[in-house]
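Structural characterization, general
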Amino acid sequence: MPDPSAPTVLLRDRRPDDLPTLERWLTDEAAQWREWDAPYTPPGQTSETMQAYIRYLAATPPDADERVIEVGGAVVGMVNRSEEEPAGGGWWDLGILIYDPAYWGGGVGTRALALWVQDTLDWTDAHTLTVTTWSGNERMIRAARRLGFQECSRVREARVVGGERYDSVRLDLLRREWLPREWGEA
C-alpha cells in the first residue's frame, strides 16, 4: 500500500510551458544533478549536450519515449527509454533524472521509475528492462532494487569521478518479475 503522506508523482507529456523550467535545470552548469548523472563526462561536453537537447525539445513534439516528472504541479525531472538493438528484440533501457534536489531521498525517484517501468511494459514489447549507473550513485541503485531490478553487470573501476575510480553498474528486470503496485499516475 502506498504511503498516503507521500507526494503524488505524475509522468506526463512535455508541454511548451515546461521548456523554461527544463532549460533552467538542464543548462545550469552548477546544478547538483550533474554530480550524480554521469559525473564522469567532462562538464563542457555535458553542457553542449544539454543545450542541444533543449533546442531539440523546443523544435519537436512530445515523444512517447520520454516524459516529464511532475510533483504537486512542479516539473522536477524526466524519464526516458530507448530500445536496444536489434529493434524488436524486447530489450529497453530506462533512464531517470530528478533535477531538483528538494525531491531527492523522499521516494519520488522510486515512484517515477516504477511508473515508467509499468508504462514501458504496457506500451512496448519489452521483455528485459535495464538501468545503468555508476557505483557512487547509491540512491539510483537502491531505487532500482526496491522495484525488483537485479545487478546483471558490473565493469570494475570503469568510471573516474573526483579522481576516484568507480564501477559501471547495470541492473535488469524481466517482464515476468515485475510486481505492479500503486505508485502514482502514468
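In short, a report on the structure. Keep in mind it's a predicted model, so treat the numbers as computed, not measured.

**Some details on the packing of helix 1 (residues 19-27) against helix 2 (residues 43-59)**
Viewed as axis vectors pointing N to C, helix 1 and helix 2 meet at an angle of 170°, and their least axial separation amounts to 9 Å. When the axis of helix 1 is compared with that of helix 2, the two are roughly antiparallel. Taking contact as the criterion, the partners of L19, L22, E23, L26 and T27 in helix 1 are, on helix 2, M50, Q51, Y53, I54, L57 and A58. A per-class count over the contact of helix 1 with helix 2 returns 8 nonpolar, 2 polar and 1 charged.

**Regarding the environment of D93**
Looking at where D93 falls in the secondary structure, it is placed in strand 4 (residues 91-98). Between the C-alpha atom of D93 and that of T128, which follows or precedes it by 35 residues, the distance is 8.4 Å. In contact with D93, other than residues within four places in its own chain, are N80, R81, S82, E84, T130, V131, T132 and R170.

**A closer look at the sheet that holds strand 6 (residues 150-161)**
Adjacent strands of a sheet pair through backbone hydrogen bonds, lying either parallel or antiparallel. Here 7 strands make up an open sheet; going across it, the order is 1-2-3-4-5-7-6 and the pairing mixed. With partners counted over all chains shown, the strands left at the sheet margins are strand 1 (9-12) and strand 6, one partner each. Averaged over neighbouring strand pairs, the angle between their axes works out to 25° when direction is ignored. Inspection of the sheet shows strand 1 paired to strand 2 (residues 66-71) by 4 bridges, in the antiparallel sense. Counterpart to V9 in the pairing with strand 2 is V71. Helix 3 (residues 108-123) contacts strand 1, strand 2, strand 3 (74-83), strand 4, strand 5 (128-134) and strand 7 (164-174) of the sheet and is inclined by roughly 150° relative to strand 4.

**Some thoughts on the layout of surface pockets**
If you add up the space inside the second largest pocket, you get close to 160 Å³. Contributing to the lining of the second largest pocket are E29, A30, A31, R34, E35, D37, A38, P39, T41, P43 and T46. Residues that form the lining of the second largest pocket fall into these classes: 5 nonpolar, 2 polar and 4 charged.

**Re the packing of aromatic side chains**
Counted under the stated rule, the structure contains 3 aromatic pairs. Here W36 and W134 contribute two aromatic rings whose centre-to-centre distance is 6.0 Å and whose plane-to-plane angle is 25°, an arrangement assigned as stacked. Taken together, the residues W36 in the loop between helix 1 and helix 2 and W134 in strand 5 connect sequence positions 98 residues apart. We classify W36 as partly exposed; its relative accessible area is 26%. With centroids separated by 6.3 Å and ring planes inclined at 15°, the aromatic side chains of Y53 and Y56 adopt a geometry described as stacked. Note that Y53 and Y56 are positioned in helix 2 at a spacing of 3 residues, about one turn of the helix. Clustering of aromatic rings is evident, with ring pairs tying together W36, W134 and Y166. The ring of Y40 carries the charged tip of R159 above its face, separated from the ring centre by 4.0 Å.

Conventions used here
Numbers given to residues run from 1 along each chain, matching the order in which its sequence is written. Side-chain atom pairs in this predicted model are given and counted only at pLDDT of 80 or more, local residue features only at pLDDT of at least 70, and totals for whole chains, interfaces and linings cover all residues. As a rule here, side-chain values come from all non-hydrogen atoms in the structure, and water together with hydrogens is ignored. The axes used here are C-alpha line fits, helices contributing only the stretch in contact, and every angle between their N-to-C directions lies in the interval 0 to 180 degrees. Helix numbers and strand numbers start at the N terminus; a helix is a DSSP run of H or I with at least 4 residues, a strand a run of E with at least 2. Oblique is the label for any angle not covered by the other classes, which are roughly parallel (under 35 degrees), roughly antiparallel (over 145) and roughly perpendicular (65 to 115). Contacts between residues were defined by any pair of non-hydrogen atoms, one from each residue, lying within 4.5 Å. Under the scheme applied, nonpolar residues are Ala, Val, Leu, Ile, Met, Phe, Trp, Tyr, Cys and Pro; charged residues are Asp, Glu, Lys and Arg; polar residues are all the others, including Gly. Strands pair, by our definition, only if DSSP identifies at least two bridges between them. Note on definitions: the grid is 1 Å and covers protein atoms alone; a cavity is a set of points where a 1.4 Å probe fits but cannot get out; a pocket is an open set with protein on both sides within 12 Å along at least five of seven lines; lining residues have an atom within 4 Å of a point. Grid points are joined across faces, edges and corners, and a volume is the space filled by probe spheres set on the points. Think of it this way: a Phe, Tyr or Trp ring, Trp meaning its six-membered ring, pairs with another when their centres are within 6.5 Å, and the plane angle makes it stacked under 30 degrees, edge-to-face over 60, tilted otherwise. Note on exposure labels: buried denotes an accessible area under 20% of the residue type's maximum, exposed denotes more than 50%, and partly exposed covers the range between, all computed with a 1.4 Å probe on protein chains only. Think of it as a cone above the ring: NZ of Lys or CZ of Arg counts as a charge over the ring if it is within 6 Å of the ring centre and within 35 degrees of the ring normal.

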